[in-house]
Amino acid sequence: GAGVSQTPSNKVTEKGKYVELRCDPISGHTALYWYRQSLGQGPEFLIYFQGTGAADDSGLPNDRFFAVRPEGSVSTLKIQRTERGDSAVYLCASSLFLYTEAFFGQGTRLTVV
Amino acid sequence: AQSVTQPDIHITVSEGASLELRCNYSYGATPYLFWYVQSPGQGLQLLLKYFSGDTLVQGIKGFEAEFKRSQSSFNLRKPSVHWSDAAEYFCATDSGGGADGLTFGKGTHLIIQP
């Protein structure tokens, strides 16, 4: 597929567990973004990568959240000690370069029970 | 900090009627403005964007939006809606042209009546 791919599409986990959410950007896109969308809300920015480095992680809510992009392509969002309030749809987007259109994946719906 | 307000949570329009979705932004300098559409089971799709220049921008699917600095608005319009336009619409802004995070509004849910 040519679009942004996110896996899994759904994840149910117990409170306190650790989860990883994966994002495969469009091939060749240098910029990658993570957003979180709670029910009835617009997406909220979490973190942005330019290449392998996190250029802006100001949106991460606390130190339980961490994201990596070790080879400048696939990214993983990691959440430790999950809480019920972490339940949301996590969206990933990528863009070819800075200042170009961002394409979004379909998201991972995370439910913490 | 920049913010985006979409005053209408729900809008119901008859098929074939015209549509206007409201968006107001709060930002000191000239913002970069976007409209996205989100259909059930689909990712967010960019409809149109404004960076500079002509204040009336054309987008995909027959949508257009007009930037009005005096009103801090960027309303989305379509002359004649189709049933397939039923979706969630998000207005967003970015101070840096898309490099860092977008700030989204809460969205407007568009319902199309037959």
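The structure we're discussing is the one just above.
Nothing here was measured: the structure is a model prediction, and the numbers come from that model.

Asker: Requested: an account of the environment of Asp85(B), with residues and values cited.
Answerer: Residue and element names in this part refer to chain B. With respect to the secondary-structure elements, Asp85 resides in the loop between β9 (73–78) and β10 (87–94). Classification of Asp85 by relative accessible area gives buried; the value is 5%. Remark: the alpha-carbon pair of Asp85 and Ile112, spanning 27 residues in sequence, is separated by 7.5 Å. Among the polar contacts listed, one links the side chain of Asp85 to the backbone nitrogen of His82, at a separation of 2.8 Å.

Asker: Please give an account of the interface of chain A and chain B that cites residues and values.
Answerer: Contacts between the two partners involve 18 residues from chain A, matched on the other side by 19 residues from chain B. Between chain A and chain B the total buried area reaches about 1,400 Å² when both faces are included, carbon and sulfur atoms providing 54% of it. If you look at where chain A meets chain B, you find zero salt bridges. Taken together, the links from chain A to chain B amount to two residue pairs in polar contact (both at pLDDT 80 or more). Listed by contribution, the elements that provide at least two residues to the side of chain A that touches chain B are β4 (31–37), β5 (44–50) and β10 (102–104) of chain A. Of the residues belonging to the side of chain A that touches chain B, the class tally is ten nonpolar, six polar and two charged.

Procedures and definitions
Residues numbered from 1 in each chain as written. Chains lettered and ligands numbered in written order. Predicted model: local features only at pLDDT ≥ 70, side-chain atom pairs only at ≥ 80, totals over all residues. Heavy atoms only, no water. Helix = DSSP H or I, 4+ residues; strand = E, 2+ residues; numbered from the N terminus. Buried < 20%, exposed > 50% of the residue type's maximum accessible area, 1.4 Å probe, protein only. Polar contact = N/O pair within 3.5 Å; in protein donor to acceptor, adjacent residues only side chain to side chain. Contact = heavy atoms within 4.5 Å. Buried area = accessible area lost by both parts, 1.4 Å probe. Salt bridge = Lys/Arg side-chain N within 4 Å of Asp/Glu carboxyl O. Nonpolar A, V, L, I, M, F, W, Y, C, P; charged D, E, K, R; others polar.

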